[in-house]
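Each chain, written out:
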Amino acid sequence: MTSERIPPTRFALWRQYGREMSVGVFLVLLVGYFGTTPGFLRADNLRDILINAAPLVIAACGMTMVIIAGMIDISAGSALAVCAVVAGVTSKSGASLPTVILLPMLTGAVIGAVNGWLVAGVRIPAIIVTLGMMSVLRGGVIWWTRGEWIGNLPPSFSAIGRGEVAGIPTPVLVAIGIVVATALLLARTPLGRHIYAVGGNPLAAARMGIPVRRVLWLVFVMHGALLGLSALVYASRFSVIQSNAGAGFELLAISAVVVGGVNIFGGQGTVWGSAIGGLLLQVISTGLIFRRVSEYWAPSVQGALVLLAVVADALRTRRARR
Amino acid sequence: MRKAFQILLILAGAVLLLVACGKKQTPPASTGTTSTGAKLVVAVMPKLKGIDYFNAVERGAKEAAQELGNIDLTYDGPTEGKVDQQIPFIESWTLQKVDVIAVACNDPDAISPALKRAREKGVHVITYDADANPEKSGREFFVNQATFEDIGRALVDEMAAQAGEDAKVAIVSSSPTAPNQNAWIAVMKRYMAEKYPKMQIVTIQYPEEDQGRAFSMTQDILKTYPDVKGVFGISSVAFPGAADAVRQAGKSGKVAVVGLSTPKSMKGFVKDGTVKTVILWNPVDLGYLTVYVAKAVAEGTLKPGATEFEAGRLGKVKVEGDQVLLGPPMKFTAENIDQYDF
Amino acid sequence: MKRIIARREAVLVVLLLAEMAAMQSLSPLFLTPDNLIEVVRQSAEIGLIALAMTLVIITAGIDLSVGSIVGLSVMTMGMLWEDARLPLALAVPFALVAGALLGGFNGTLITAVGIPPLIVTLATMAGFRGIALGMSQARSIRNFPEGFLWLGQGYVAGIPVQVWILAVTAVLFHLGLTRTAWGRSVFSIGANEAAARLSGVPVNRVKMQVYMLSGFMSALAAVIYAAHVSVAKPDAGLGFELTAITAVVLGGTAVSGGEGGVLGTLIALLMVGFLRSGLTLARVPSEAQDMMVGLLLIIVVAIDRWSRRAGRE
């Protein structure tokens, strides 16, 4: 979705949301396929899939903004580990619930602020900044925790990840809330329009008077805060917080966003697609176990499905361009 | 001219930063001299840093070093369980001519050439937890916590006792290429076929060292195979993940969870009945014993042909050939789990 | 233009020397020939990959799948040797071709279908690794003959074999990049792809070749790695892509494409290797080393940016 409003024509909705709809259809087809195995379509399984996908979806919202703005973040997994440890430590120290929620998000925001400063202020390409930060954060977590895991978490902590509000699991509610909030931010606010503009054509955006560097920095800060939230939701489901959590998480988040149709060159895409993408990855993971696919072949099937989604989309956009 | 000067200034700053960072971490430099009177330099390497199990090993090693008094202990290793990241440490220690290298190998063959070179340069080499290739590496002793046979059998016996001899079970491991786990699985399959032929393994899943994946994989197993009666969690990461999944699915007590991990991670599960027994050995003792063996090998008091070895507070342990055995696996239950803090 | 590059490489060499001095001050064992040779040897496999990665990044692309190509080609070689009983003299070239073909798969998706390199190689990173795991059923292959192991563990004139291989390939790459029309076309694609296409450069073909080369070099690195550690495992090469990219970027090749060089990559490779070696000798724990490598990357690139901006004023 670009920032201009497209005049209503036939198939306008398809043209505007074509990518997201294709991914949605893909998701439905996959669910149908896996649904032929008994038990997959049961309420408890679908519920579990949603809960397990929630942290990824939350992180994917932040990553969506980053990629739309023309950047990337491969340190997300390491940042997740840092924020998860912060969450655990804060909770164990007996802090109040709002503090336990805010501190990881604040930590994530600070990490994002540093990344953002290096990218926007010092003008180092995002891939390099986050490549370096990945090592710094990963080493930092182990150094800080001395490798120890955090156990014996107070029950109030688990309530966040395992609780419910009106029958809907808390993680799912949070994820839905974040997706809606991000979508609104991107579609309805000046900041959102700026993000698209900066990602699409930074020079033109600057000429239009948009504070490009401040926008980039803000995107990283917001993304960082969302990572912190994701870490909280992720960690509060388990009884132990590992210091090596989140390995490979950034690649999952990027895959979710890419499969969801966000253009890697920036300037296009919506968060709805990323949310579907995140859900898709979890559906694949669970479905492969249900289908009793050999555990040795499961990872390649996952990789192949991502590739398929990406190729299908590329072909679709090529045909549209002609 | 000015910019060149600016660059040089920044460079100098960067160098100073690096040196400053380095100096802060450096303990008194090792002299690298050999034994007899002076301190023995012992380098202990885990498979990877950052998991509970090896943190406990580190504690035991430090305890032994302190008790013995004349040990200069270095404990370091990669932050990922990759053997090619272990090799640079071996080579560095060889160069520093430490007295003994004690390593838990991520792969028995890959690490052997580096260990052999260390032997050739006069460094003593022992292994613990996971062995190297004895001939190719020239390692002198292997401190084994318990044999693969003992561990595999203990796991299966425990499962039979809890879930029944005809139970359908699932195994949640770590990485499909992990040597220890694969050895245990091989023993478990064989033992099951011999002693409990009606026990059936419905699936084996590999969540790598990711707790979240261990959790969701176990969840999925419980749903895919609703008649599963027991889950094996055979890594210190898989076990708590699997137990979490069983507990959150409301199946505590209905589905047995048996596995290997530290009592610290599993305490909550043992207390609420999700897990009845945690099988392990004492990793603190393993680290402790390793340092004692290291000292004995360096000083020549432990030689091939010995049948037992005296190790401080552990008393006498058995030596079989070139393996020093810590002892049979330990079982942690609700009764004794509070006594341990690792 | 050339002056800027030459100056940047000079800066890198100065940094390298400064770093070596710093490492030496931390531990007198650092500057011994034994140590230096071993460090270079340990970097050799990644170095081979980084050489090709330099070209990929110069075209403004990226290849995240190199580590997985290492895993898949090493298992191809191993399984051909062990299961199909092919002599290694045949299995090795077969694996090299396989690597090139895998790179070609990447290249096809990038050029013919038009998917951005980051996305293609992100997906093939997972896909290739998965195939390696699936077809090998996670087993490892061992007991290679001594002659093969010599490739990764042997010495010629006191210098490890793989270092010779790295040195020769590096020279070839450097000459190919700087002295041939093909090399110039690689640069022009990265600088401005549309302009390159308009001026007659066969952009798609060159890109395809670059990615195939990347796959080939990954397979070569895989063979040497297997000889070095005497095992072929499907998880070989995990994480190699990030170290290779770090070396390329640290060495001055711009992610936006159009500039860079093999020399810078090699110097950067040594910088990272020497840093780790020196820190290990100084007993700095490995997690602190990780942090310093990350900081090194950021600081050096930051300095480079600042100096370029200062230069423009």
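1. Quick look at the overall build of chain B
Part 1 of the reasoning: Scanning chain B for helices and strands turns up 11 helices and 14 strands.
Part 2 of the reasoning: When burial is assessed residue by residue, chain B has 59% of its 342 residues classed as buried.
Part 3 of the reasoning: The contacts of chain B with a sequence gap of at least 6 include a subset with a gap of at least 24, amounting to 71%.

2. Quick notes on the overall build of chain A
Part 1 of the reasoning: When helices and strands are counted, chain A shows 13 helices and 2 strands.
Part 2 of the reasoning: Compactness check: chain A gives a C-alpha radius of gyration of 20 Å against a globular reference of 20 Å for 322 residues, within 12% of the reference.
Part 3 of the reasoning: For chain A, the spread of C-alpha atoms along the principal axes amounts to about 60 × 55 × 40 Å.
Part 4 of the reasoning: Sorting the 322 residues of chain A into buried and exposed places 59% on the buried side.
Part 5 of the reasoning: Taking the intrachain contacts of chain A between residues at least 6 apart in sequence as the baseline, contacts between residues at least 24 apart amount to 80%.

3. Description of the interface of chain C and chain A
Part 1 of the reasoning: On the side of chain A, 39 residues touch chain C, which itself brings 36 residues to the contact.
Part 2 of the reasoning: Looking at side-chain class alone, the side of chain C that touches chain A contains 24 nonpolar, 8 polar and 4 charged residues.

4. Looking at the pairing of strand β9 (residues 256-260) of chain B
Residue and element names in this part refer to chain B.
Part 1 of the reasoning: The element β9 is largely enclosed, with a buried count of 5 among its 5 residues.
Part 2 of the reasoning: In β9, alternate side chains face the same way, and those of Ala 256, Val 258 and Leu 260 on one face and Val 257 and Gly 259 on the other are all buried.
Part 3 of the reasoning: In this sheet, β9 lies alongside strand β8 (residues 230-233) in parallel orientation, the contact comprising 4 bridges. Counterpart to Gly 230 in the pairing with β9 is Ala 256.
Part 4 of the reasoning: With helix α9 (residues 238-248) bridging β8 and its parallel neighbour β9, the resulting β-α-β unit is right-handed.
Part 5 of the reasoning: Relative to strand β10 (residues 278-280), β9 runs parallel, the two sharing 2 bridges.

5. Concerning the pairing of strand β6 (residues 168-172) of chain B
Residues and elements named next belong to chain B.
Part 1 of the reasoning: Among the 5 residues in β6, 4 count as buried, and that is most of the element.
Part 2 of the reasoning: Relative to strand β7 (residues 200-205), β6 runs parallel, the two sharing 5 bridges. Paired with Val 172 across the bridge in β7 is Gln 205.
Part 3 of the reasoning: For the segment spanning β6, helix α7 (residues 179-195) and β7, crossover handedness is right-handed.
Part 4 of the reasoning: Two elements, β6 and β8, share 4 bridges in a ladder whose sense is parallel. Bridging from a neighbouring strand, Val 169 pairs with Gly 230 of β8.

6. Describing the nonpolar core
Residue and element names in this part refer to chain B.
Part 1 of the reasoning: With 345 residues, the main nonpolar core has Val 42 and Val 293 as its most contacted residues.
Part 2 of the reasoning: Shared between two domains, this core takes at least three residues from each, and those domains are domain 1 (40-145 + 283-326) and domain 2 (148-280).
Part 3 of the reasoning: Beyond its immediate chain neighbours, meaning those up to four positions away, Val 42 contacts Ile 71, Asp 72, Leu 73, Val 98, Asp 99, Val 100, Ala 102, Val 291 and Ala 294.

7. So, helix α6 (residues 155-162) of chain A
Residue and element names in this part refer to chain A.
Part 1 of the reasoning: Every buried residue of α6 is accounted for by Phe 157, Ile 160 and Gly 161. Here the buried residues of α6 occupy an arc of 90° about the axis, which is enough to place them on one side.
Part 2 of the reasoning: Looking at the buried residues of α6, the elements they touch are α3 (76-92), α4 (97-121), α7 (170-188) and α10 (212-235).

8. Digging into the environment of Gly183(C)
All names here are of chain C.
Part 1 of the reasoning: Checked against the element boundaries, Gly 183 lands in helix α8 (residues 181-191).
Part 2 of the reasoning: With 23 residues separating them along the chain, Gly 183 and Val 206 place their C-alpha atoms 9.5 Å apart.
Part 3 of the reasoning: Non-local contacts of Gly 183, meaning those with residues more than four positions away in its chain, are made with Gly 176, Leu 177 and Thr 178.

9. Some points on unusual backbone geometry
All names here are of chain A.
Part 1 of the reasoning: Not every positive phi belongs to a glycine, and Arg 123 is a case in point at roughly 65°.
Part 2 of the reasoning: Structurally, the position occupied by Arg 123 is in the loop between α4 and α5 (126-145).
Part 3 of the reasoning: Phi is positive for Arg 292, close to 55°, though the residue is something other than glycine.
Part 4 of the reasoning: One can find Arg 292 in the loop between α12 (271-290) and α13 (298-321).
Part 5 of the reasoning: Look at Arg 292 and you get exposed, because 12 C-beta atoms sit within 10 Å.

10. Observations concerning the domain arrangement of chain B
Residues and elements named next belong to chain B.
Part 1 of the reasoning: For chain B, the domain assignment lists domain 1 (40-145 + 283-326) and domain 2 (148-280).
Part 2 of the reasoning: The centre of domain 1, based on its C-alpha atoms, is set 29 Å off from the matching centre of domain 2.
Part 3 of the reasoning: For the side of domain 1 that touches domain 2, a count of residues per class yields 5 nonpolar, no polar and 2 charged.

11. Section: α12(A)
Part 1 of the reasoning: Between its first and last C-alpha, α12(A) extends 29 Å over 20 residues, near the 28 Å set by a 1.5 Å rise per residue.
Part 2 of the reasoning: Most of α12(A) is tucked away, with 19 of its 20 residues classed as buried.

12. A word on the sheet that holds β7(B)
Residues and elements named next belong to chain B.
Part 1 of the reasoning: Ordered in space as β7-β6-β8-β9-β10-β14, the 6 strands form an open sheet in which the pairing is mixed. Since the sheet does not close on itself, it has two edges, and those belong to β7 and β14 (330-332), each with one partner. When strand polarity is set aside, the average angle formed by the axes of neighbouring strands in this sheet is 20°.

13. Observations concerning the environment of Val114(A)
Part 1 of the reasoning: Along the chain, Val114(A) falls in helix α4.
Part 2 of the reasoning: Val114(A) sits 85 residues away from Leu29(A) along the chain, and the two C-alpha atoms are 42 Å apart.

14. Considering the sheet that holds strand β11 (residues 308-310) of chain B
All names here are of chain B.
Part 1 of the reasoning: The 8 strands are arranged β2-β1-β3-β4-β5-β13-β12-β11 in an open sheet whose pairing can be described as mixed. Since the sheet does not close on itself, it has two edges, and those belong to β2 (71-75) and β11, each with one partner. Strand-to-strand twist in this sheet, taken as the mean axis angle between neighbours without regard to direction, amounts to 25°.
Part 2 of the reasoning: In this sheet, strand β13 (residues 323-325) lies alongside strand β5 (residues 141-144) in parallel orientation, the contact comprising 3 bridges. Counted as the bridge partner of Phe 142 is Gln 323 from β13.
Part 3 of the reasoning: Packing against the sheet, helix α3 (residues 83-95) makes contact with β1 (40-45) and β3 (100-103), and its axis sits at approximately 170° to β3.

15. Notes on the packing of helix α4 (residues 88-111) of chain C against helix α10 (residues 203-229) of chain C
All names here are of chain C.
Part 1 of the reasoning: The interhelical angle for the contact between α4 and α10, taken along N-to-C directions, is 145°, at an axis separation of 7 Å. Regarding α4 and α10, the two cross each other, and that crossing is right-handed.
Part 2 of the reasoning: Across the contact of α4 with α10, the residue classes break down as 16 nonpolar, 10 polar and 1 charged.

16. Considering the confidence of the model for chain B
Part 1 of the reasoning: When pLDDT is averaged along chain B, the result is 86, and 89% of the positions lie at 70 or above.
Part 2 of the reasoning: When pLDDT is averaged over each element of chain B, β3(B) comes out on top at 96 and helix α1 (residues 2-25) of chain B at the bottom at 53.

17. So, the packing of α9(B) against helix α10 (residues 263-271) of chain B
Residue and element names in this part refer to chain B.
Part 1 of the reasoning: Between α9 and α10, whose axes approach to 10 Å, the crossing angle comes to 20°. By the criterion of interaxial angle, the relationship of α9 to α10 is roughly parallel. Both α9 and α10 take part in a crossing whose hand is left-handed. Facing α9, whose interface residues are Phe 239, Pro 240, Ala 243 and Arg 247, α10 presents Ser 265, Met 266 and Phe 269.

What counts, and at which threshold
Residues numbered from 1 in each chain as written. Chains lettered and ligands numbered in written order. Predicted model: local features only at pLDDT ≥ 70, side-chain atom pairs only at ≥ 80, totals over all residues. Helix = DSSP H or I, 4+ residues; strand = E, 2+ residues; numbered from the N terminus. Buried ≥ 20, exposed ≤ 12 C-beta atoms within 10 Å, placed from the backbone. Contact = placed C-beta atoms within 7 Å. Rg over C-alpha atoms; globule rule 2.2 N^0.38 Å. Nonpolar A, V, L, I, M, F, W, Y, C, P; charged D, E, K, R; others polar. Pairing = 2+ DSSP bridges. Right-handed = clockwise from strand over helix to strand, strands pointing away. Core = buried A, V, L, I, M, F, W, Y, C linked by C-beta atoms within 7 Å. Domains from an automatic or database assignment. Arc of directions from axis to C-beta. Expected span 1.5 Å × (residues − 1). Axes fitted to C-alpha atoms, helices over the stretch in contact; angles between N-to-C directions. Left-handed = near helix turned anticlockwise from the far one by under 90°. pLDDT = per-residue confidence, 0-100. Parallel < 35°, antiparallel > 145°, perpendicular 65-115°, else oblique.

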